[in-house]
Amino acid sequence: RWLIFRNRLPNPNTMATPNNATTKSAVGPFYDGLHVNYVTTLGDKLDSPTSYEGAVTEHLRMSGVYWSLAALSLLRDPKEVDELMGLTSSPGERPAIIDWVFACYDARTGGFGGNCSGTVDAPCPHDGHLLYTLSALQILAMADALDDERLDKEAIVKFVAGLQNDDGSFSGDEWGEIDTRFSYCALSCLALLGRLPLPKWASDQEAKTVDENAIIDIHKAVEYIISCRNFDGGFGCVPGAESHAGQVFCCIGALSIAHSLHLLNEHPANDADLLTWWLAERQCDSGGLNGRPEKQADVCYSWWILSALSIMGRVSWINTSKLGQFILNCQDDDDGGIADRPQDMPDVYHTFFGLCGLSLIGHLEKIGDKEGRKYPEVDPVFALPTVVVQKLGLRAQVISEDGGKVEDRLKTHAVLNGSGAQ
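These numbers were taken from a predicted model, which means no experiment stands behind them.

### Re the overall build of the protein
For step 1, the next point in the chain: Along its length, the protein carries 18 helices and 4 strands.
For step 2, the next point in the chain: Expressed as a percentage of the 422 residues in the protein, the buried residues total 58%.
For step 3, the next point in the chain: Counting only contacts in the protein whose residues sit at least 6 apart along the sequence, the fraction spanning at least 24 positions is 64%.
For step 4, the next point in the chain: Here the protein has roughly 18,000 Å² of accessible surface; of this, 49% comes from carbon and sulfur atoms.

Following this line, the structure appears as structure tokens:
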């Protein structure tokens, strides 16, 4: 079946409309001030006892705080983010964000929960989970607080390692759900903590060490991810599951962190171009991207798909001008924020991923040039501002564009040639 599908692939060099469209700028206003106000006032709104949104998202507040901080970090410099959000210190009654993060630490499991009891000195009532552990570490990374003495790195590493299963997959927590999302979270957590072992094929230039006494089996982890590849080139949450754009990012991101992108072209069924075409087909008439066939476009896939395309050096396979306009059309011109699609209510999840999309296609930079402002860039592997990734010395792997070109934001990573071969 995959051979039939693969024969439908056009030559990317003849895809004139998408490739030519990348040179155009998105049309429409960008509500910078409204977006900043939306993010900085969201916490008080969610904390209101009458907030329905606050009640139904209480369990995932850690990720919500990460989305808020990361969104603002693409609009303002680190000092302004700290002052606006109270990241490392807070002049008011609310504790500093990093103090709240440590209050969400679950000492029983060694991971972070999605929220805390509301006080910084009470036990965390939420079980540790990989999703929230990664969000917590990403917040601490943006706060330059990964060396805070309160961070028990060894306990967190043990927590992450203990969730790897015999087949190389990872469970999200002690209750056993398996998903390729958790593979990405696990590898990203270990990379942020400086404890990620790299596989035997990683060169000395790509890794400081290839640890033979590693805390996890990186080879099995990579093999499991590849086993989730489908005939259409996409990836699912488990082997045999439907291809989904969100899972594609998790798998491509994990392979990037593990310096294993060459496996995309290990044998005929694993073809980076086949995957790229599946991702390119996610673009709808509106210009937006969907997560799987026959679904509506949604702003969040501006991140899930563009990040994977950026890692593989293939952003030019989609019409970035139309995508940029779609994202701008999803802005709320009254209160700020970005929604999943035009005329819907904004939320911080889509606000962050919409800004990521504008960053990855270069439109945020063009908007900044027009308005005399330099916007920070997002790293497509770690979902953090590039300045944070560079400061931490995080080095993943990416594939160059045809001709060997690599985006400036990716030049700190190890680079494979455009075919994905080593």
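### Observations regarding the packing of aromatic side chains
For step 1, the next point in the chain: Taken as a whole and assessed by the stated rule, the structure comprises 11 aromatic pairs.
For step 2, the next point in the chain: Ring plane angle 65° and centroid distance 5.3 Å describe the contact between Tyr 105 and Phe 112, whose orientation is recorded as edge-to-face. For the residue pair Tyr 105 and Phe 112, the accessibility class agrees, reading buried in each case.
For step 3, the next point in the chain: Ring plane angle 20° and centroid distance 6.1 Å describe the contact between Trp 303 and Phe 353, whose orientation is recorded as stacked.

### Quick word on the pattern of salt bridges
For step 1, the next point in the chain: Evaluated as defined, the whole model comprises 21 salt bridges.
For step 2, the next point in the chain: We note a salt bridge from Glu 377 to Arg 409, for which the minimum N-O separation is 3.6 Å. Of this pair, Glu 377 sits in the loop between α17 (363-371) and α18 (386-392) while Arg 409 sits in the loop between β3 (397-399) and β4 (414-416), and the two are 32 residues apart along the sequence.
For step 3, the next point in the chain: Judged by its relative accessible area of 26%, Glu 377 falls in the partly exposed class.
For step 4, the next point in the chain: Here the salt bridges share partners, and the residues they tie into one network are Asp 32, Arg 76, Glu 80 and Arg 373.

### Description of the packing of helix α12 (residues 245-257) against helix α14 (residues 301-311)
For step 1, the next point in the chain: Taken N-terminus to C-terminus, the directions of α12 and α14 make an angle of 35°; their axes are 8 Å apart at the nearest point. The interaxial crossing formed by α12 with α14 has left-handed handedness. Along the contact surface, α12 presents Ala 245, Gly 246, Val 248, Phe 249, Ile 252, Gly 253 and Ser 256, while α14 presents Tyr 301, Trp 303, Trp 304, Ile 305, Ser 307, Ala 308 and Ile 311.
For step 2, the next point in the chain: Across the contact of α12 with α14, the residue classes break down as 10 nonpolar, 4 polar and no charged.

### Examining the layout of surface pockets
For step 1, the next point in the chain: Approximately 940 Å³ is the volume found for the largest pocket.
For step 2, the next point in the chain: Lining the largest pocket are 38 residues; nearest its centre among them are Gly 43, Asp 47, Arg 61, Val 65 and Arg 94.
For step 3, the next point in the chain: Elements with a contribution of two residues or more to the lining of the largest pocket: α3 (32-47), α4 (52-56), α5 (61-73), α6 (78-85), α7 (97-103) and α16 (348-360).
For step 4, the next point in the chain: No other element matches α3, which puts 7 residues into the lining of the largest pocket.

### Observations concerning the packing of helix α8 (residues 130-142) against helix α10 (residues 180-192)
For step 1, the next point in the chain: At a minimum axis separation of 9 Å, α8 and α10 run at an interaxial angle of 35°. Crossing angle aside, the handedness with which α8 passes α10 is left-handed. Counted together, Leu 130, Leu 131, Thr 133, Leu 134, Leu 137, Gln 138 and Ala 141 of α8 and Arg 181, Phe 182, Tyr 184, Cys 185, Ala 186, Ser 188, Cys 189 and Leu 192 of α10 form the full contact between these two elements.
For step 2, the next point in the chain: Residue composition of the contact of α8 with α10, grouped by class: 11 nonpolar, 3 polar and 1 charged.

### Some words on the state of the cysteines
For step 1, the next point in the chain: Following the criterion strictly, the structure yields 0 disulfides and no others.
For step 2, the next point in the chain: There is no disulfide at Cys 237, and the cysteine sulfur nearest it, in Cys 228, is 7.7 Å away.

### What about unusual backbone geometry?
For step 1, the next point in the chain: Unlike most non-glycine residues, Glu 294 shows phi in positive territory, near 70°.
For step 2, the next point in the chain: For Glu 294, the position within the fold is in the loop between α13 (272-280) and α14.
For step 3, the next point in the chain: According to the relative accessible area criterion, Glu 294 is exposed, its value standing at 80%.
For step 4, the next point in the chain: In the Ramachandran plot, Ala 383 falls in the positive-phi region, its phi being about 55° despite a non-glycine side chain.
For step 5, the next point in the chain: In this fold, Ala 383 is placed in the loop between α17 and α18.
For step 6, the next point in the chain: Overall, Ala 383 belongs to the buried group, its relative accessible area being 6%.

### Notes on the side chain of Ser 302
For step 1, the next point in the chain: Along the chain, the position of Ser 302 falls in helix α14.
For step 2, the next point in the chain: For Ser 302, a relative accessible area of 0% gives the class buried.

Cut-offs and rules
Residues numbered from 1 in each chain as written. Predicted model: local features only at pLDDT ≥ 70, side-chain atom pairs only at ≥ 80, totals over all residues. Heavy atoms only, no water. Helix = DSSP H or I, 4+ residues; strand = E, 2+ residues; numbered from the N terminus. Buried < 20%, exposed > 50% of the residue type's maximum accessible area, 1.4 Å probe, protein only. Contact = heavy atoms within 4.5 Å. Areas by Shrake-Rupley, 256 points an atom, 1.4 Å probe, with all protein chains shown as cover. Phe/Tyr/Trp six-rings, centres within 6.5 Å; stacked < 30°, edge-to-face > 60°. Salt bridge = Lys/Arg side-chain N within 4 Å of Asp/Glu carboxyl O. Axes fitted to C-alpha atoms, helices over the stretch in contact; angles between N-to-C directions. Left-handed = near helix turned anticlockwise from the far one by under 90°. Nonpolar A, V, L, I, M, F, W, Y, C, P; charged D, E, K, R; others polar. 1 Å grid on protein atoms, 1.4 Å probe; cavity = no way out; pocket = protein on both sides within 12 Å on 5 of 7 lines; lining within 4 Å. Points joined across faces, edges and corners; volume = space filled by probe spheres on them. Disulfide = S-S within 2.5 Å.

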